[in-house]
Amino acid sequence: MSDTASPPAPPRPDPQRPEAPKRDVPAAAPQAEPARKPADAPVAEPPAAPPPEPPTAPAAPAASRVASRVRRLAAVVGTILVLLVAWEVGTYYIAYTDDAYVRSDLIGVAPEVTGPIIGLYVVDNQPIKKGDRIYKIDPTPFQLEVNTRQAQIEEQSALVKVAQEELATAKAALDSATSAHTYAVEQQARYAVLAASNNAPRAELDRADNELRRTAAEKTIAEIAIAKAKTSINVHQAALDVAKAEKATAEWKLDKTDVLAPADGWINNLTVRIGDTGTVSIPNVGIVDAHAWRIIANYKEYYIRPFAIGGTAWVWLDSDPWKFHKARITGIARGISRDPQAPMLLPYVAPTTDWIRLQRRIPVTIVLEEPPPGGKLYMGADARTVVFPR
């Protein structure tokens, strides 16, 4: 072995700390220079660096996001299906509509004679009973017509009496002519026998023949007079009957100058005033019938299959809210019009509401069994109806 010593090993480097990530430190505001420390004061060490931040967790995988979306979509679809099933079940047992309204009969009162109105006995919205006077038309011309017809009756009655007297005179003349004719026939036969045996002059036979012809003519004239008298009686009797009928018509017109209420109800939207002219067959007063109240409910085609006449319904009236009124189904329309311009022999129900097209709806007539207190119903007011058909 050599006495020479081996060279020393190289120095091992000291382990170094990992450098902390650099951070942008905002520049500190300039401060006043601190006072100098004494020369023998220890020098302060710089503050230790903060520990490193933990690494950020990686984002959720795409598969979990897709699964979450599928679950949300399934929940929405399931909710919609549950709501549809609940709707179908509910509408199977409950038929509801808010497309309903109160209705009655509006009676248009029109005069049956034409003339100026001189009296008005009602006011707007007044309750009225059947037979009450509404207004009066000037009766003067109708009274004059009655007087004229009465004069005609008296005239024709007198003419009938004259014709009857003429008939009696003609009958008496016929009796006289018949008697004279019978005598003339006997005389002519006697003179004819005498003249044939030359016991009477020929002139007497000629005079007897002439008398026979004259009495025959008088008899014929009397018969014609009787026929004429009978015809005259028939003519004047017919004229008398016409005069009586015309008088009855004139009296009827005079009676119709008082316009009466045809039913119980309420005067509605009265615009008639004294001085207006009432015209035949033109309504000028409306009466809402007090005994014809009903509810018209427009139900979708889907609902009306199980409906039956006499079925129970429940009605909510907007004019009497917070209460359901028991009612009965009294009619289901068997036809509706699809053309709003067609004649109103079929009801027309608009298929759209607020720009939304709906199913066709069928009018169902419902009559209240429990009307509001005092019968306070209003034609055209809104209503809602519920029917439990099963």
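Whatever comes next refers back to the structure up there.
Quick look at the structure, then. Note that this is a predicted model, so its numbers are computed, not measured. Residues take numbers from 1 onward in each chain, read along the sequence in its written order. Since the coordinates come from a predicted model, pLDDT governs what is reported: local features require at least 70, and pairs of side-chain atoms require 80 or more to be given and counted, while whole-chain, interface and lining totals use all residues. The side-chain numbers reported here are obtained from all heavy atoms of the structure, hydrogens and water having been left aside.

Quick look at the sheet that holds strand β9 (residues 285-289) now. Paired strands are those between which DSSP finds at least two bridges. Each helix corresponds to a stretch of at least 4 residues labelled H or I by DSSP, and each strand to a stretch of at least 2 residues labelled E; elements are numbered beginning at the N terminus. If you walk across this open sheet you meet the 4 strands as β2-β9-β7-β4, and the pairing is antiparallel. The open sheet has two edge strands with one neighbour each: β2 (106-109) and β4 (127-128). Pairing between β4 and strand β7 (residues 265-268): 2 bridges, direction antiparallel. Among the inter-strand pairings, isoleucine 128 is bridged to a residue of β7, identified as glycine 265.

Here the nonpolar core consists of buried residues drawn from Ala, Val, Leu, Ile, Met, Phe, Trp, Tyr and Cys, with membership extended through side-chain atoms lying within 4.5 Å. Any residue under 20% of the maximum accessible area for its type is buried, any over 50% is exposed, and the rest in between are partly exposed; the area is computed with a 1.4 Å probe on protein chains only. Ranked by internal contacts, the top residues of the largest apolar core, which has 25 residues, are Ile295, Tyr299, Phe307, Val315, Leu317 and Ile366. Elements supplying a minimum of two residues to this core: β1 (95-103), β10 (294-300), β11 (312-317), β12 (320-332), β15 (361-368) and β16 (382-387). With 4 residues, β15 is the largest single contributor of residues to this core. Excluding residues that lie within four positions of it along the chain, isoleucine 366 makes contacts with Arg294, Ile295, Ala297, Ala313, Val315, Ala327, Arg328, Ile329, Thr330 and Thr385. Residues Val109, Val113, Val272 and Val285 belong to the second largest nonpolar core, which totals 16 residues. In this analysis, two residues are considered to be in contact whenever any of their non-hydrogen atoms come within 4.5 Å of each other.

With that out of the way, let us pick up the sheet that holds β1. An order of β1-β10-β15-β12-β11-β16 is seen for the 6 strands of this closed barrel, with the pairing classed as antiparallel. The sheet shows a mean angle of 40° between the axes of neighbouring strands, direction not considered. Of the pairings in the sheet, the one linking β1 to β16 comprises 5 bridges and is antiparallel in character. Residue pairing for β16: tyrosine 101 is matched across the bridge by aspartate 382. In this description, a line fitted to the C-alpha atoms serves as the axis of each element, helices being fitted only across the stretch in contact, and the angle between N-to-C directions of two axes falls anywhere from 0 to 180 degrees.

This paragraph deals with the pairing of β7. Here 4 bridges tie β7 to β9, and the two strands are oriented antiparallel to one another. By the bridge assignment, tryptophan 266 is partnered in β9 with valine 288.

What makes a salt bridge here is a side-chain nitrogen of Lys or Arg within 4 Å of a carboxyl oxygen of Asp or Glu, nothing more. By the definition in use, this model includes 12 salt bridges. We note a salt bridge from aspartate 318 to arginine 384, for which the minimum N-O separation is 2.5 Å. One end of the pair, aspartate 318, is in the loop between β11 and β12; the other, arginine 384, is in strand β16, and 66 residues separate them in sequence. Using a relative accessible area of 30% as the deciding quantity, one classes arginine 384 as partly exposed. It is possible to trace a salt-bridge network through shared partners that takes in Arg133, Lys136 and Asp258.

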